[in-house]
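Summary of structural features
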Amino acid sequence: MDSYDVIIIGSGAGGGTLARHLAPSGKRILLLERGDWLPREPQNWSAGEVFVDNRYVSPDTWYDGEGKPFQPQVHYYVGGATKLYGAALYRMRAEDFGELRHHGGISPAWPISYEQMEPYYTKAEQLYQVHGVRGEDPTEPPASAPYPFPAVSHEPRIQQLSDAFAAAGLHPFHAPCGVLLREQNMPYSACVRCSTCDGFPCLVHAKSDAEVLGVRPALEHSNVTLLCNATALALNTNPSGTVVTEVVVECEGARETYAGDIVVVSCGAANTAKLLLSSANDKHPRGLGNASDQLGRNYMFHDSQAVLALSKEPNPTVFQKTLGVNDYYFASKEWEYPMGNIQMVGKSVAEMYRGEQPLMTKLAPTFSLEEVATHAVDFWLSTEDLPQAENRVSLDGKGNVKLCYSASNDGARDRLFKQLRSLLGHLGMHEHHLIPRWAYLENKIPVAGVAHQAGTCRFGSDPASSVLNTDCRTHELDNLYAVDTSFFPSIAAVNPALTAMANALRVGDHLLQRLGADGG
């Protein structure tokens, strides 16, 4: 049986970042990925293949709280979910680390402060080459360094939109974007500002994803081994149940076992919980690290809305995801509770609309789908989902994921939608046309939209109410860590990827110290 200093299960924002951070240490590292390299092919840039036919979505079947099957919108590739993310790399606000009162309840405090995470946010922004500008967003937390690259510029229609937001008394800002773009030297720029970025794989590897900037650099070190098409089935422990001794893997139809001094689970919130639950034994009858009965609980994903507004003039924008508005992020004069974040989403095209009922029934009688696409301005609204113990991942009798979920903060979500709709006239839009876009969720089952999943292994200082300690190690097993979004005790209302990356660097420093290594 092969033995390693560290085994990392999953190669996304958490695992891929951690692998790169540990790679220079010289320690033997095994990176397990249940998927393969995402194929580079023309279909990467096909809206129909990606959004309608779900070419890159896993064929997994999960079950909702009533036992009904659904296909989760998950992607298993080297780089994990970052291969198809929009690369909006936001810091959580400083206040998000404390307790916040929402319309739907309480968002709990984190066991660490923003100040403790801040140096790692800065390192993550540098590692993932984030473009932005400090000082535009009034909710922006303090930062110890400027963004490593200048903000991605607005195209003319988005600049008009930004100016209109400002004229309405708001504070629009350039969204933090993770792309390998050199606007001042385009002949040497990997990114070409194409229309197939947000939600698409990048055919030219110009997106700041965990494969390009995490796994590939890690593999330049001979001490790092990547094993693809390797699904972790269970974690075995020593007889006393105090440490994990083996990782059982199915690879190419065969079972293999690997030993590791440290085991890190980075499978995503749902699948990390599944693996720990599947590893139950006599010493851990409810799953590894589950003495608190919190494993799998407090599942969250942003109560997000992709919406389409019709501009009175054409919107020829190609790279649209450059603008954000956080004036409604916290309590404001408009409402006493937080509403959330408004940002742009990738520019929609007619091919995406196939089968979308709101567009077909509300707009198609008046506008052709081509006209809709020509005039479409696309927004993404995110409201904080609140942790609830009954929102949980469990296993059915066959070991399949069962995801019980009910929304927690609908009032804030609806209020944010109405707030944007009330602004349309000021923004040069048709005032009565703000239509839900289902392109990110073709099967229209809300629980299937798991792109921003978090929770299930919340961290904390009290073993009675958390799965992990503040180093993201399970309270009960000395060498078992979870480094992905499962550690979140709350999800805030901005995209979680940068926080997962920053935390991977934070835990990585702890592991380097534990391993007696300095990272090179």
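Anyway, here's the lowdown on the structure attached to this text. Note that the structure is predicted; figures quoted are calculated from it, not measured. Within every chain, residues take consecutive numbers counted from 1 along the sequence as written. Since the coordinates come from a predicted model, pLDDT governs what is reported: local features require at least 70, and pairs of side-chain atoms require 80 or more to be given and counted, while whole-chain, interface and lining totals use all residues. Side-chain metrics in this entry use all non-hydrogen atoms of the structure; hydrogen atoms and water are not considered.

1. So, the packing of helix 3 (residues 114-127) against helix 10 (residues 497-515)
Between helix 3 and helix 10, the shortest axis-to-axis distance is 8 Å and the interhelical angle comes to 110°. Classed by the angle they form, the pair helix 3 and helix 10 counts as roughly perpendicular. At the point where helix 3 passes helix 10, the crossing takes the right-handed sense. Packed against helix 3, whose contacting residues are Met117, Tyr120, Tyr121, Lys123, Ala124, Glu125 and Leu127, the element helix 10 presents Leu498, Thr499, Met501, Ala502, Asn503, Leu505, Arg506 and Asp509 at the interface. Residue classes follow a fixed rule: Ala, Val, Leu, Ile, Met, Phe, Trp, Tyr, Cys and Pro count as nonpolar, while Asp, Glu, Lys and Arg count as charged, and any other residue, Gly among them, counts as polar. Among the residues forming the contact of helix 3 with helix 10, the class breakdown is nine nonpolar, two polar and four charged. Interaxial angles span 0 to 180 degrees and are taken between N-to-C directions of axes, which are lines fitted to C-alpha atoms, for helices over the stretch in contact. Put simply, DSSP H or I for four residues or longer makes a helix, DSSP E for two residues or longer makes a strand, and each gets a number counted from the N terminus. Oblique is the label for any angle not under 35 degrees, not over 145, and not in the 65 to 115 range, which are roughly parallel, roughly antiparallel and roughly perpendicular in turn. We call a crossing left-handed when the near helix sits turned anticlockwise from the far one by less than a right angle, and right-handed when that turn is clockwise. Only heavy atoms matter for contacts: two residues are in contact if any of them lie within 4.5 Å across the pair.

2. Some thoughts on the sheet that holds strand 3 (residues 62-64)
Hydrogen bonding along the main chain pairs the strands of a sheet, whether they run parallel or antiparallel. Any two strands with at least two DSSP-identified bridges between them are counted as paired. Strand order in the open sheet formed by four strands is 4-3-19-18, with mixed pairing between adjacent strands. What marks the edges here is a single partner per strand, and that holds for strand 4 (69-70) and strand 18 (392-395). By the bridge criterion, four bridges tie strand 18 to strand 19 (residues 401-404) in an arrangement that is antiparallel. Its bridge partner being in strand 19, arginine 392 is matched across the sheet by cysteine 404.

3. Quick notes on helix 1 (residues 15-22)
Only protein chains enter the accessibility calculation, which uses a 1.4 Å probe. A residue is then buried if its area is under 20% of the maximum for its type, exposed if over 50%, and partly exposed in between. Of all eight residues in helix 1, seven are buried; the element is thus mostly enclosed. Taken as a whole, helix 1 has its buried residues at Gly15, Gly16, Thr17, Leu18, Ala19, His21 and Leu22. The elements touched by buried residues of helix 1 are strand 1 (3-9), strand 2 (29-32), helix 3, helix 5 (211-219), strand 13 (254-265) and helix 10.

4. Here's the deal with the sheet that holds strand 20 (residues 429-436)
If you walk across this open sheet you meet the six strands as 8-15-16-17-14-20, and the pairing is antiparallel. Since the sheet does not close on itself, it has two edges, and those belong to strand 8 (173-174) and strand 20, each with one partner. Judged from the eight bridges that link them, strand 14 (residues 303-311) and strand 17 (residues 376-383) form a sheet pairing that is antiparallel. By the bridge assignment, alanine 309 is partnered in strand 17 with valine 377. Together, strand 14, strand 15 (323-325), strand 16 (341-344), strand 17 and strand 20 form the strand contacts of helix 4 (residues 156-167), whose direction differs from that of strand 15 by roughly 20°.

5. Points about the pairing of strand 13
The pairing of strand 1 with strand 13 spans six bridges and is parallel. In the sheet register, isoleucine 7 faces strand 13, and the bridge partner there is valine 263. In terms of strand pairing, strand 12 (residues 244-251) meets strand 13 through five bridges, oriented antiparallel. Among the inter-strand pairings, valine 247 is bridged to a residue of strand 13, identified as tyrosine 258. A loop of two residues connects strand 12 with strand 13, the two strands running antiparallel in sequence, and glutamate 252 in this loop sits at a positive phi of about 55°. Pairing of strand 13 with strand 21 (residues 480-482) involves three bridges; the strand directions are parallel. In the sheet register, valine 264 faces strand 21, and the bridge partner there is tyrosine 481.

6. With respect to the nonpolar core
Judged by nonpolar contacts, the single largest core of 106 residues is most densely connected at Ile9 and Leu235. When residues of this core are assigned to their parent elements, the largest contribution, 11 residues, is made by helix 10. Look past the residues within four positions of leucine 235 in its chain and what remains in contact with it is Ile9, Val244, Glu246, Val247, Val263, Val265, Leu275, Leu276, Ser279, Leu288 and Leu480. Within this scheme, the nonpolar core is defined by two criteria: the residues are buried Ala, Val, Leu, Ile, Met, Phe, Trp, Tyr or Cys, and they are joined through side-chain atoms within 4.5 Å.

7. Looking at the pairing of strand 17
Among the eight residues that make up strand 17, eight are buried, leaving the element largely enclosed by the rest of the structure. As paired elements, strand 16 and strand 17 share four bridges and run antiparallel to each other. Residue methionine 344 lies in a different strand from strand 17, and its bridge partner there is phenylalanine 379.

8. Points about the packing of helix 1 against helix 10
One can describe the packing of helix 1 onto helix 10 by two numbers: an axis separation of 8 Å at closest approach and a directional angle of 40°. One way to sum up the angle between helix 1 and helix 10 is to call them oblique. When you trace helix 1 past helix 10, the crossing you get is right-handed. Along the contact surface, helix 1 presents Thr17, Leu18, His21 and Leu22, while helix 10 presents Met501, Ala504, Leu505, Gly508, Asp509, Leu511 and Leu512. Its residues assigned to classes, the contact of helix 1 with helix 10 comprises seven nonpolar, three polar and one charged.

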